[in-house]
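# Results of the structural survey
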Amino acid sequence: QEQLVQSGAELKRPGASVKVSCKASGYIFINYDINWVRQAPGHGLEWMGWMNPKSGNVGFPPTLHGRVTMTNNPSMATAYMELTSLTADDTAGYFCARRVRYDSGRFDAFDSWGQGTMVTVSA
Amino acid sequence: DIQMTQSPSSLSASVGDSVTITCRSSQTIGKYLNWYQQIPGKAPKLLIFAASNLQSGVPSRFSGSGSGTEFTLIINSLQPDDFATYYCHQTSSSPYTFGQGTKLEIK
């Protein structure tokens with residue numbers, strides 16, 4: 001049974017950085033992209049980007065360019081998401097999710113999710 | 001960016017009822033549309049992929065349909081565990097975007 005387990009809650013000051021980890025088990029880590037999604041309290045879901053663990057290729061929405069870094073350690077089957085220059089607007093739950101492809105790669109969806117990591121940005 | 005708009009934003013229903021949630025995209029997205037269920041404090045759970053395909057392990061009372069710009073999620077014979085928030089999600093083009101969510105509450 002595939003599982004993603006994330007690191008614990010973080011409290012950060014404005015301007016600081018945060019790095020969240022996502023450890024995978026139950027499947028071959030490098031065979032699936034990891035995506036990151038965040039959710040501000042009481043709000044909806046916001047996609048933050050993807051990373052291919054095998055190639056290291058990444059993709060981000062323009063709104064986060066320059067502030068987000070996604071990396072991984074294949075030997076530990078762990079993905080990382082680092083967000084810099086934090087503001088109060090970055091206070092949110094952060095989720096990693098495995099992207100699975102269907103119909104010979106034509107379609108994709110997030111079929112397995114981490115439990116979430118709450119990041120609070122406050123002075 | 002493709003905007004995803006769900007309706008209604010919230011609805012109340014009783015156990016045993018059937019409900020329909022609609023998701024519209026600002027551009028045509030074919031069948032690149034997924035549905036997720038989220039219980040408060042938990043991660044989203046994939047229900048439907050590629051507009052109409054039931055994810056393994058999801059009860060058959062959930063169904064999805066649509067293509068292009070209009071999609072529906074139907075839940076038949078509501079069970080207590082179904083009262084949650086539902087999100088549509090397009091993967092037609094980057095950046096991937098989600099609907100704002102539909103909160104399903106017990107009447």
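Provided above is the structure to which this section pertains.
Throughout, residues of each chain are indexed from 1 in the direction in which the sequence is written. Just so you know, chain letters begin at A and ligand numbers begin at 1, following the order they were written in. Local features in this predicted model are restricted to residues whose pLDDT is 70 or higher, and side-chain atom pairs enter the listing and the counts only when it is 80 or higher, whereas totals over whole chains, interfaces and linings include all residues. As a rule here, side-chain values cover all heavy atoms of the structure and leave hydrogens and water aside.

Per the convention used, a helix needs a DSSP run of H or I reaching at least four residues, while a strand needs a run of E reaching at least two, with both numbered from the N terminus. Looking only at helices and strands, chain B features zero helices and eleven strands. The globule rule is 2.2 Å times the number of residues to the power 0.38, and the radius of gyration it is compared with is taken over C-alpha atoms. Over its C-alpha atoms chain B spans a radius of gyration of 13 Å, differing by no more than 12% from the 13 Å that the globule rule assigns to 107 residues. Structurally, chain B occupies a C-alpha span of about 35 × 25 × 25 Å along its principal axes. Per-residue burial over chain B gives 49% buried out of 107 residues. Any two residues whose heavy atoms approach within 4.5 Å at even a single point are treated as in contact. When contacts within chain B are restricted to residue pairs at least 6 apart in sequence, those whose partners lie at least 24 apart make up 56%. Relative accessible area decides the class of each residue, using a 1.4 Å probe on protein chains only: under 20% of the type maximum gives buried, over 50% gives exposed, and in between gives partly exposed.

Let's shift gears to the pairing of strand E1 (residues 3-6) of chain A. Residue and element names in this part refer to chain A. Here E1 shows a buried face lined by Leu4 and Gln6 and an unburied face lined by Gln3 and Val5. Whether two strands pair depends on DSSP finding at least two bridges between them. In terms of strand pairing, E1 meets strand E3 (residues 18-25) through four bridges, oriented antiparallel. By the bridge assignment, Val5 is partnered in E3 with Lys23.

With 19 residues of chain A at the contact, the number on the chain B side is 20 residues. Buried area between chain A and chain B, summed over both chains or domains, comes out near 1,700 Å², and the portion from carbon and sulfur atoms is 65%. Summed over both partners, the accessible surface that disappears when two parts come together, traced with a 1.4 Å probe, is what is meant by buried area. Of all residues in chain A, the largest losses of buried area upon contact with chain B belong to Leu45, Trp47 and Phe107 of chain A, amounting jointly to 33% of the total for that side. In what follows, salt bridge is the name for a side-chain nitrogen of Lys or Arg lying within 4 Å of a carboxyl oxygen of Asp or Glu. At the surface where chain A touches chain B, the tally comes to zero salt bridges. Between N or O atoms, a polar contact is any pair within 3.5 Å; within protein, one atom must be a potential hydrogen donor and the other a potential acceptor, and residues adjacent in sequence are included only when both atoms are from side chains. Linking chain A with chain B are eight residue pairs in polar contact (both at pLDDT 80 or more), by the criterion used here. Considering each element in turn, the side of chain A that touches chain B owes the most residues, six residues, to strand E10 (residues 107-113) of chain A.

So, about the sheet that holds strand E8 (residues 70-75) of chain B. Residue and element names in this part refer to chain B. With respect to topology, four strands assemble into an open sheet ordered E1-E3-E8-E7, the strand pairing being antiparallel. What marks the edges here is a single partner per strand, and that holds for strand E1 (4-7) and strand E7 (62-67). Strand-to-strand, the axes of this sheet are offset by a mean angle of 15 degrees, without reference to chain direction. The pairing of E1 with strand E3 (residues 19-25) spans four bridges and is antiparallel. Bridging from a neighbouring strand, Thr5 pairs with Arg24 of E3. Only the stretch in contact is used when fitting a helix axis, every axis being a line fitted to C-alpha atoms; angles between N-to-C directions are given from 0 to 180 degrees.

Moving on, we come to the sheet that holds strand E8 (residues 78-83) of chain A. Backbone-to-backbone hydrogen bonds join strands into a sheet, with any given pair of strands oriented parallel or antiparallel. Residues and elements named next belong to chain A. Ordered by their spatial adjacency, four strands build an open sheet running E1-E3-E8-E7, and the pairing between neighbours is antiparallel. Taken across any chain shown, the strands that pair with only one partner, and hence form the sheet edges, are E1 and strand E7 (68-73). On average, each strand axis in the sheet is inclined to that of its neighbour by 20 degrees, with strand direction left out of account. Of the pairings in the sheet, the one linking E3 to E8 comprises six bridges and is antiparallel in character.

Turning our attention to the pairing of strand E5 (residues 46-51) of chain A. The two faces of a sheet get side chains in turn, since along a regular strand they alternate between them. Residue and element names in this part refer to chain A. The sheet contact formed by strand E4 (residues 33-39) and E5 spans five bridges and is antiparallel. Bridge pairing in E5 places Asn35 opposite Trp50. Between E4 and E5, which pair antiparallel and follow one another directly, the connecting turn spans six residues, one of which, Gly42, has a positive phi of 75 degrees. Where E5 meets strand E6 (residues 58-59), two bridges bridge the pair, whose relative direction is antiparallel. Looking at E6, one finds that Met51 is bridged to Val58. The antiparallel hairpin formed by E5 and E6 contains six residues in its connecting segment, where Gly56 sits at a positive phi of about 85 degrees.

A separate point is the state of the cysteines. Working definition of a disulfide: a covalent bond connecting the sulfur atoms of two cysteines. The disulfide criterion is simple: two cysteine sulfur atoms within 2.5 Å. Counted under the stated rule, the structure contains two disulfides over all chains. Disulfide pairing is shown between Cys22 of chain A and Cys96 of chain A; the S-S distance is 2.1 Å. For the disulfide bridge between Cys22 of chain A and Cys96 of chain A, the dihedral angle about the S-S bond is near 80 degrees, and by the sign convention the bridge is right-handed. Taken together, the residues span a long stretch of sequence, with Cys22 of chain A in strand E3 and Cys96 of chain A in strand E9 (residues 92-102) at a distance of 74 residues. Taken individually, Cys22 of chain A and Cys96 of chain A each receive the classification buried, so the pair is uniform in this respect. What pairs with Cys23 of chain B in a disulfide is Cys88 of chain B, and their sulfur atoms sit 2.1 Å apart. Between Cys23 of chain B and Cys88 of chain B the sulfur-sulfur dihedral comes to about 70 degrees; the bridge is accordingly right-handed. With Cys23 of chain B in strand E3 and Cys88 of chain B in strand E9 (residues 85-90), the pair connects residues that are 65 residues apart, well separated along the chain.

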